[in-house]
Each structure stands twice: as C-alpha cells, then as structure tokens.
2 protein chains.
Amino acid sequence: MGCTVNDIARAAGVSRSTVLRALSGKPDISTETRDRIRELAATMKYRPNYIARSLTQGKTNLVGVITKPSLYYASHLVIESVEQGLLEGGYSTLLFISGPEREAEEQVVERLLKNRVDGVIAVPGAMTAPATYHELVETGVKLVILDGIIDELPAPQITGDNYKAGRIAAEHLIRLGHRKIAYLGIPTISTVGRDRARGVQEAFSAAGIPFEENFLEVAFNESAAEKRTAEILNAANRPTAILARHDIIARGVLRAIYAAGLKVPDDISVVGSGNILGSDMFRVPLTTINFPAKEMADQCVAKLLRLLAGDSLPSDITMLDVQLVLRASTGPPPKGL
Amino acid sequence: MGCTVNDIARAAGVSRSTVLRALSGKPDISTETRDRIRELAATMKYRPNYIARSLTQGKTNLVGVITKPSLYYASHLVIESVEQGLLEGGYSTLLFISGPEREAEEQVVERLLKNRVDGVIAVPGAMTAPATYHELVETGVKLVILDGIIDELPAPQITGDNYKAGRIAAEHLIRLGHRKIAYLGIPTISTVGRDRARGVQEAFSAAGIPFEENFLEVAFNESAAEKRTAEILNAANRPTAILARHDIIARGVLRAIYAAGLKVPDDISVVGSGNILGSDMFRVPLTTINFPAKEMADQCVAKLLRLLAGDSLPSDITMLDVQLVLRASTGPPPKGL
DNA sequence: TTGAAAGCGATACCAT
DNA sequence: ATGGTATCGCTTTCAA
C-alpha cells in the first residue's frame with residue numbers, strides 16, 4: 001500500500017528525521033541529500049498520511065457540514081459553496097445530511113466529534129435540541145450556524161431575513177388589494193417559523209386582516225400542499241391569494257389550482273419563497289422571495305475559517321437581506337371579491 | 001478537550017487495557033468493573049478518537065465522493081443517496097466537487113489518497129485523465145464509477161443508457177414527423193457524449209436524416225444555449241425540432257424560442273434530457289429523458305460496500321434503463337415543413 | 001548536518 | 001480478570 005517515511009528512510013539509507021526535513025523543506029539539510037530524498041519520495045509515490053499527521057498535530061483539517069435533504073432546502077447551493085470555500089481554506093468537507101427520515105442531528109454531531117473535526121457548519125433542522133450545538137462549542141469545535149438560529153448559542157450565526165420575507169410577501173399581496181389570504185406556513189416552533197409568521201402577521205394586522213384563521217400548517221411536500229389547497233378552494237369564502245412557505249409548496253398549490261380549472265393570477269394569486277430552480281419557468285412564472293443562498297454560505301465559510309485560524313469572533317447573528325422576485329403569479333384579486 | 005482512554009484509566013485506577021475491555025464489551029472482565037468504568041466514561045464524556053483508531057486499524061471508514069457542480073448535474077440526488085447509504089454501511093462521506101472552474105480531479109484524488117479513504121465513488125468529469133482513476137485502484141482504494149465510463153478501468157461502473165437516451169429522444173421526434181432536427185449535443189470526447197451522439201446518429205440514419213450538419217456543440221449553460229438557439233432560429237431553413245443535451249440547455253432553448261415569438265410545440269418541438277426538478281412545471285411542460293439517478297446511486301453504494309467488505313466484484317459496466325417522459329413540448333412539425 | 005527518542009490515542013497480543 | 005508493551009505513521013524536541 002502507501003509507503004511511509006520509514007520506507008523512504010531505509011531506501012535512502014538515512015534516518016526518518018532527515019527524510020522529514022527533506023520533505024517539509026526545513027533548513028538544516030544539505031541540498032544534495034534533500035534533492036535525492038525528494039526524488040526518491042516521488043518515485044516511490046510517497047503520500048503523507050494525513051491521519052497520522054492529525055494525531056500528532058491535534059488537528060484534522062476536517063470540517064463537518066450538516067445540512068438537510070434538498071427536498072426541503074436548496075442544499076446543493078450551500079454544499080457547493082461551502083465545500084469550495086473550505087477546500088480553498090485548506091479543509092476537507094465531511095458531509096452529513098440530516099432530516100426527518102434521516103439520522104438525527106444528535107447522532108451526526110456525535111460522529112463528527114469522534115472524527116475530531118476542527119470545525120462544523122450546520123444548517124439546523126427544526127427539531128434539533130439546542131443542546132446538541134452547545135455540546136459542539138463546549139468540546140472546543142469551531143461552529144457557525146447557517147440559515148437558522150439557535151437561541152443563546154455562543155457561535156456566529158448567519159440567516160436570511162425571515163421576518164422580512166414573510167412581511168414583504170404579505171405586503172405585496174395586500175398592496176394588490178387582497179384581503180383574504182391563506183398562509184400555508186411553517187410550524188412556529190422553529191425560529192424560522194416564528195420570524196416568518198411574525199412578518200406575515202404584522203403585515204396582516206397593519207391591514208386589519210386577521211391572522212390566526214388564515215394560518216394553515218401543511219406538511220413540507222408537494223402533494224400535501226396540493227391536497228390542502230384543494231380543500232381550501234372548495235371551502236366557502238375561498239381566499240383570493242395563497243402565500244406558500246416555500247416554492248415546493250407553491251408547486252402543489254398551483255397544481256391544485258389548475259386542477260380546479262382556475263387561473264393564476266386572474267382567479268387566485270400565489271406567492272412562494274426560496275426562488276428555486278425552475279420557478280422562473282413555471283407555466284405561470286412564480287412570484288417568490290429570493291434568499292441569497294450563495295452569499296450566506298460564503299460568509300459562513302469566511303467566518304469559520306477565521307475561527308479556525310484562531311481569531312475570536314462575536315457570537316452574533318448576521319441577517320442577510322431578501323428580495324421579492326416579482327413574476328406573473330400575482331395580480332389584483334378578481335372583481336367583486 | 002476530549003478525554004482519552006488514559007484519562008479514564010487513571011481516574012478509575014486501572015490500566016488502559018481494562019478500560020478498553022470495558023468499553024468494547026469484550027469478555028475477560030468482571031461485571032462490576034465494567035459497569036463502573038462505563039459509567040465513568042459516560043460522565044467524563046469519553047468519545048473514542050476515530051483518527052487514532054484509524055491509524056492502528058489501517059482503515060478510516062471514510063469514503064471519498066467526487067461529483068460535479070449541480071449546475072451540470074443532478075448532484076444533489078446523488079449526494080443524498082450516497083451519503084445516506086454510506087452512513088448506513090458505517091462510512092462517512094468526504095465530499096469533493098470537481099468541475100471546470102473547480103479544483104481538478106487529479107488534485108482531489110491526491111487529497112483523498114492522503115486522507116487514506118477506504119473507498120471512492122466518483123462521478124467522472126469529461127476532461128479527467130483515466131490515469132487518475134487507475135492510480136486509485138492501484139493504491140488499493142476500492143472504487144466504483146457513477147454515471148460515466150472510464151475505459152479499461154478495473155472497477156465496477158454504473159451508468160445510465162446514454163445510447164438509448166439519444167436514440168429514443170431522436171426517434172420520438174422522427175416518429176412525430178420531424179426531418180429537420182438540431183442536436184445541441186455533448187462533446188464526443190467523453191464516453192457519455194460518444195454514446196449519446198451514437199444513439200442520435202443511428203436514429204437519424206435509420207430515417208435518412210444527415211447527422212453531422214445537425215450536430216451543434218454548446219457550452220453547458222443556459223445563456224449559451226439561448227444565444228445559440230437564437231442563431232439557429234434566424235438561419236434559413238430552421239429546424240422544426242431541437243434536441244437538447246440536458247434540460248438546462250432546453251431552458252435556454254425555450255427562452256430563445258419564446259423571445260422569437262414562436263410557440264412550442266406548434267412552431268417548434270423541444271426535447272430535453274435529465275428530467276430536472278421543475279421541468280414538469282415549465283410554461284410548456286418539457287418532454288425529456290429520465291435517468292434513474294437515485295437507483296444508480298443506490299446500486300453504486302451497494303457495490304462499494306461489498307468491495308469494502310472484502311468481496312471481489314467483476315469490473316463490469318452496469319447500464320440502467322432510461323425512459324422517455326412524454327410531456328407537452330413535442331408535437332408534429334408545422335404544416336408545410 | 002544528521003540521528004535518536006518520546007509521544008499523539010487506540011489496539012492487539014502476551015504476560016501475569 | 002487485569003496489566004504491560006509494541007505498533008500504526010508522523011511530528012517535535014533533544015542529542016550527537
């Protein structure tokens with residue numbers, strides 16, 4: 001298998017130490033022996049064993065990345081940006097996907113700890129006990145939270161402005177004249193859900209629209225959204241607009257609307273969230289909220305690399321701006337409503 | 001930081017060996033000391049150092065996964081399936097994304113080797129020297145190739161049937177009556193490109209349609225496809241159908257067609273490939289070719305796990321079936337053409 | 001300029 | 001049933 005420093009030392013007839021000096025480019029070695037050893041190492045295809053190195057240096061140059069399945073989240077954007085940034089910073093990515101039907105985050109964190117990762121970037125799930133992340137920090141692992149907020153966590157956190165996302169989506173519909181708006185929303189047990197709901201609620205109450213009765217929770221998948229929407233459409237006094245927690249939900253909403261023979265936005269308006277790939281090419285291009293996923297990921301990596309370099313950073317929350325992406329799925333409510 | 005076996009031994013007043021026996025659940029230890037040590041380990045939050053363990057066992061339980069940016073490929077599906085499968089098999093995923101504007105695969109492989117991964121799953125890029133993968137195998141790393149073919153590589157390979165993909169897409173258009181079809185295709189230097197082109201070519205020649213003059217290469221991005229399509233539409237004797245190498249390319253094609261004020265499929269038909277998320281919700285739902293990404297990934301993991309378990313597998317090519325997904329973007333050519 | 005030795009944390013094997 | 005010791009491959013420190 002891979003040859004070791006000892007093999008080279010033996011082959012060169014020198015000691016381990018000399019080989020190390022030659023390969024690491026340190027002084028205190030004659031140019032000739034250095035070149036000779038380097039050449040030998042190359043022909044013998046010597047590759048330093050990072051595992052062994054990690055052991056002596058107490059540093060693995062590994063960063064754990066925990067994220068969710070892309071069904072629920074634009075993970076691919078995050079994963080790609082993060083992996084690239086970490087690699088450029090000299091770290092390799094140990095990836096874990098955690099989600100409802102996947103290994104729980106607690107388990108994943110335990111694994112990362114055993115693998116002695118130097119740092120972790122985590123996109124927290126809605127259900128994760130904050131203690132999990134506190135554990136990481138206490139163990140001395142550098143941590144940055146991406147796209148979520150863990151209360152009182154002594155670590156930098158980066159998130160999109162969920163409050164604003166809810167507010168501007170709702171305000172957009174209100175400005176168009178809608179008064180009866182259904183919000184297919186996120187459970188408010190998560191910070192994301194709370195902030196989003198608060199944004200919607202404040203926009204509603206500013207316009208005198210009741211919130212509670214218009215807030216409906218749906219499971220996070222397209223077909224659940226489709227079924228729920230069908231019910232909504234059948235109900236008396238149906239809404240003139242639907243505000244979906246995510247573009248994936250909006251897909252289900254649109255399906256149900258088309259199936260009912262209604263037109264978007266003439267009969268009913270739809271707003272999504274996330275600006276997923278393809279949302280601009282929908283049969284009716286979707287009005288949605290854009291989250292700067294790549295920028296969030298980049299800032300996250302930048303912070304982690306600074307922490308890993310030994311800098312100390314404030315454990316603050318960085319909230320990045322979101323924008324309304326105005327497309328064709330929203331318009332004024334139908335006349336007479 | 002993390003406490004070690006030695007710390008526990010000292011705290012318990014026993015030797016390292018005894019601690020190990022207690023924790024590993026081996027025999028030759030009294031129940032009382034075992035329980036006492038286990039309890040102690042729990043309160044001291046002992047976590048075995050996998051790095052150190054790897055060193056003694058010559059096995060890291062790490063698998064390197066090399067894939068491409070999702071812009072070019074449905075990487076997220078692959079990544080998720082693979083990560084899950086590996087985790088269930090007891091391995092963690094060391095992820096690397098390699099692509100045109102990313103670190104080259106040669107570099108990535110070198111890194112994986114230094115990290116002493118036990119196995120590798122690689123989605124090969126079009127430009128990678130086969131030697132890179134041979135190196136892996138020679139070094140004793142278990143390897144399975146996913147969604148690509150490296151000639152003469154002594155490792156199992158899994159791919160979609162690219163020949164069939166090209167053939168059935170072309171045949172579908174021919175059956176509808178098209179005779180002038182532009183193929184916005186893949187460079188034929190890759191095996192994928194060769195197979196795909198061969199499929200299209202055979203369908204064409206069976207129908208007496210010339211291939212060379214209808215084969216156009218485009219850079220793999222939406223706007224390049226849009227520009228190229230605009231040129232195609234402006235040319236004299238424009239095609240009645242466009243066969244795109246990928247749904248992403250098809251997006252650009254559709255944009256250009258809409259911009260030219262033409263209708264799909266009335267004026268021109270479009271076939272994509274890949275069945276990406278959202279292609280079913282396009283303004284005109286896209287007829288495309290479905291590749292069983294998840295199944296490919298699953299089979300890939302299954303094979304790698306067997307290799308890692310010590311089984312020897314034939315170095316064959318597993319080709320999974322692809323299907324035409326018939327949607328609304330294809331129809332008969334306009335009358336008189 | 002070069003070599004020797006200790007140690008990182010866990011493990012396997014031999015000795016008691 | 002328990003303890004001691006060598007080893008994995010590399011790094012660091014001290015000695016020659």
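Residues numbered from 1 in each chain as written. Chains lettered and ligands numbered in written order. Predicted model: local features only at pLDDT ≥ 70, side-chain atom pairs only at ≥ 80, totals over all residues. Heavy atoms only, no water.

A.B. asks: Would you take a moment to explain helix α10 (residues 222-234) of chain B for this structure?
C.D. replies: Counting along an α-helix, one turn takes 3.6 residues, and residues three or four places apart therefore face a common direction. Residue and element names in this part refer to chain B. Relative to the 18 Å expected for 13 residues at 1.5 Å per residue, α10 spans 19 Å between its end C-alpha atoms, a close match to the ideal helical length. Of the residues making up α10, those classed as buried are E222, A224, A225, T229, I232 and L233. The arc that holds every buried residue of α10, seen down its axis, measures 165 degrees, which confines them to one face. Turned more than 90 degrees away from the buried face of α10 sit K227 and N234, all of them exposed. Packed against the buried residues of α10 are β6 (181-185), β7 (215-217), β8 (241-244) and α11 (247-259). (Helix = DSSP H or I, 4+ residues; strand = E, 2+ residues; numbered from the N terminus. Expected span 1.5 Å × (residues − 1). Buried < 20%, exposed > 50% of the residue type's maximum accessible area, 1.4 Å probe, protein only. Arc of directions from axis to C-beta. Contact = heavy atoms within 4.5 Å.)

A.B. asks: Would you take a moment to explain the interface of chain A and chain B for this structure?
C.D. replies: One widely used convention gives an interface's size as the accessible area the parts lose upon coming together. Of the residues lining the interface, 53 residues belong to chain A; the matching set on chain B comes to 52 residues. Buried surface at the junction of chain A and chain B, summed over both partners, amounts to about 5,200 Å²; 56% is from carbon and sulfur atoms. Counting the contacts that link chain A with chain B gives twelve salt bridges. Measuring nitrogen to oxygen at the nearest pair gives 3.2 Å for the salt bridge that ties A:R47 to B:E135. (Buried area = accessible area lost by both parts, 1.4 Å probe. Salt bridge = Lys/Arg side-chain N within 4 Å of Asp/Glu carboxyl O.)

A.B. asks: Would you take a moment to explain the layout of surface pockets for this structure?
C.D. replies: If you roll a probe as big as a water molecule over the atoms, it shows you where there is empty space left. Taken as a whole, the second largest pocket spans an internal volume of roughly 1,200 Å³. Every residue lining the second largest pocket is counted, 42 residues in all, and those nearest its centre are A:R116, B:C3, B:R47, B:P48 and B:N49. When contributions to the lining of the second largest pocket are tallied by element, the ones reaching two or more residues are α4 (50-57), α6 (105-114) and α7 (130-138) of chain A together with α1 (5-12), α2 (16-24), α3 (31-43) and α4 (50-57) of chain B. Element by element, the count of residues in the lining of the second largest pocket is highest for α2(B), at five residues. Among the residues making up the lining of the second largest pocket, the classes are represented as 18 nonpolar, eleven polar and 13 charged. (1 Å grid on protein atoms, 1.4 Å probe; cavity = no way out; pocket = protein on both sides within 12 Å on 5 of 7 lines; lining within 4 Å. Points joined across faces, edges and corners; volume = space filled by probe spheres on them. Nonpolar A, V, L, I, M, F, W, Y, C, P; charged D, E, K, R; others polar.)

A.B. asks: In this structure, what is going on with the protein's contact with DNA strand C? I would like to understand it.
C.D. replies: With respect to spatial proximity, 24 residues lie near DNA strand C, and among them A:T18, A:R21, B:V5, B:Y46 and B:R53 are the closest. A share of 61% of the atoms of DNA strand C within 4 Å of the protein falls on sugar and phosphate groups. At 3.4 Å from a base oxygen of DNA strand C is found a side-chain nitrogen or oxygen belonging to B:R16. Every element with two or more residues in the surface near DNA strand C is listed here: α2 (16-24) and α4 of chain A together with α2 and α4 of chain B. The element contributing the most residues to the surface near DNA strand C is α4(B), with four residues. Split by residue class, the surface near DNA strand C holds nine nonpolar, nine polar and six charged. (Near = heavy atom within 4 Å. Polar contact = N/O pair within 3.5 Å; in protein donor to acceptor, adjacent residues only side chain to side chain.)

A.B. asks: What should I look at first to understand the relation of the copies chain A and chain B in this one?
C.D. replies: A rotation about some axis, followed by a shift along it, carries one copy of the chain onto the other. For these two chains of identical sequence, chain A goes onto chain B by a turn of 180 degrees and a shift of 0.0 Å along the axis, with RMSD 0.1 Å. Taken together, the rotation and translation relating the two chain copies correspond to the operation of a two-fold axis. Relative to the rotation axis, the C-alpha of A:R283 is the closest in chain A, positioned 1.6 Å from it. Most of the interface of chain A is mirrored in chain B, where 98% of its interface residues again form contacts. (Least-squares fit on C-alpha atoms with pLDDT ≥ 70 in both.)

A.B. asks: Quick question: what am I supposed to make of the packing of aromatic side chains here?
C.D. replies: Here the distance between the centres and the angle between the planes together describe a pair of aromatic rings. Within this structure, the stated rule accounts for eight aromatic pairs over all chains. Geometrically, the ring pair formed by B:F204 and B:F211 is edge-to-face, given 6.0 Å between the ring centres and 65 degrees between the ring planes. Note on accessibility: B:F204 and B:F211 belong to one class, buried. Here the basic side chain of A:R283 rests over the ring of A:Y258, its NZ or CZ set 3.7 Å away from the ring centre. (Phe/Tyr/Trp six-rings, centres within 6.5 Å; stacked < 30°, edge-to-face > 60°. Lys NZ or Arg CZ within 6 Å of the ring centre and 35° of its normal.)

A.B. asks: Mind showing me how you'd approach unusual backbone geometry here?
C.D. replies: Peptide bonds are mostly trans, and most non-glycine residues show a negative phi. All names here are of chain A. Geometrically, the link from V264 to P265 is a cis peptide bond, its omega value of 5 degrees lying close to zero. One non-glycine residue, K45, adopts positive backbone phi at about 55 degrees. A positive phi angle, near 55 degrees, is found at N237, a position not held by glycine. Mapped onto the elements, N237 comes out in the loop between α10 (222-234) and β8 (241-244).

A.B. asks: Honestly, the sheet that holds strand β2 (residues 92-97) of chain A in this entry has me stumped. Any pointers?
C.D. replies: In any sheet, the strands associate via hydrogen bonds between backbone groups, in a parallel or an antiparallel arrangement. Taken in spatial order, the twelve strands make up an open sheet running β11(A)-β5(A)-β4(A)-β3(A)-β1(A)-β2(A)-β2(B)-β1(B)-β3(B)-β4(B)-β5(B)-β11(B), and their pairing is mixed. Two strands bound the open sheet, and with one partner strand each, they are β11 (317-320) of chain A together with β11 (317-320) of chain B. Here the strands of the sheet are splayed against their neighbours by 20 degrees on average, with no regard to which way each runs. Where strand β1 (residues 62-67) of chain B lies against strand β2 (residues 92-97) of chain B, six bridges are found, and the strand directions are parallel. Within β2(B), the residue paired with B:I66 across the bridge is B:F96. The sheet contacts of helix α5 (residues 75-88) of chain A involve β1 (62-67), β2, β3 (119-122) and β4 (142-146) of chain A together with β2 of chain B, and relative to β2(B) the element is tilted by about 85 degrees. (Pairing = 2+ DSSP bridges. Axes fitted to C-alpha atoms, helices over the stretch in contact; angles between N-to-C directions.)

A.B. asks: What's the story with empty space enclosed by the protein in this structure? I'm lost.
C.D. replies: Residue and element names in this part refer to chain B. Scanning all chains against the criterion turns up three cavities of 30 Å³ or more. As a volume, the largest cavity reaches approximately 50 Å³. Looking at the largest cavity, the residues that line it are A165, G166, A169, Y183, R196, L243, A244, R245, G272, S273 and I289. Every element with two or more residues in the lining of the largest cavity is listed here: α8 (162-175) and β8. The greatest single-element share of the lining of the largest cavity, amounting to three residues, is contributed by α8. Taken together, the residues of the lining of the largest cavity sort by class into six nonpolar, three polar and two charged.

A.B. asks: Just checking my understanding: could you explain the protein's contact with DNA strand D for this structure?
C.D. replies: Surrounding DNA strand D, one finds 23 residues, the nearest of these being A:V5, A:Y46, B:S17, B:T18 and B:D28. For DNA strand D, the backbone makes up 57% of the atoms found within 4 Å of the protein, where backbone means sugar plus phosphate. Within the side chain of A:T56, an N or O atom sits 3.4 Å from a sugar or linking oxygen of DNA strand D. B:S30 is positioned such that a nitrogen or oxygen atom in its backbone is 3.1 Å from a phosphate oxygen of DNA strand D. Listing elements by their share of the surface near DNA strand D, those giving two or more residues are α2 and α4 of chain A together with α2 and α4 of chain B. Tallying contributions element by element places α2(B) first for the surface near DNA strand D, with four residues. Residues of the surface near DNA strand D, tallied by class, amount to eight nonpolar, nine polar and six charged.

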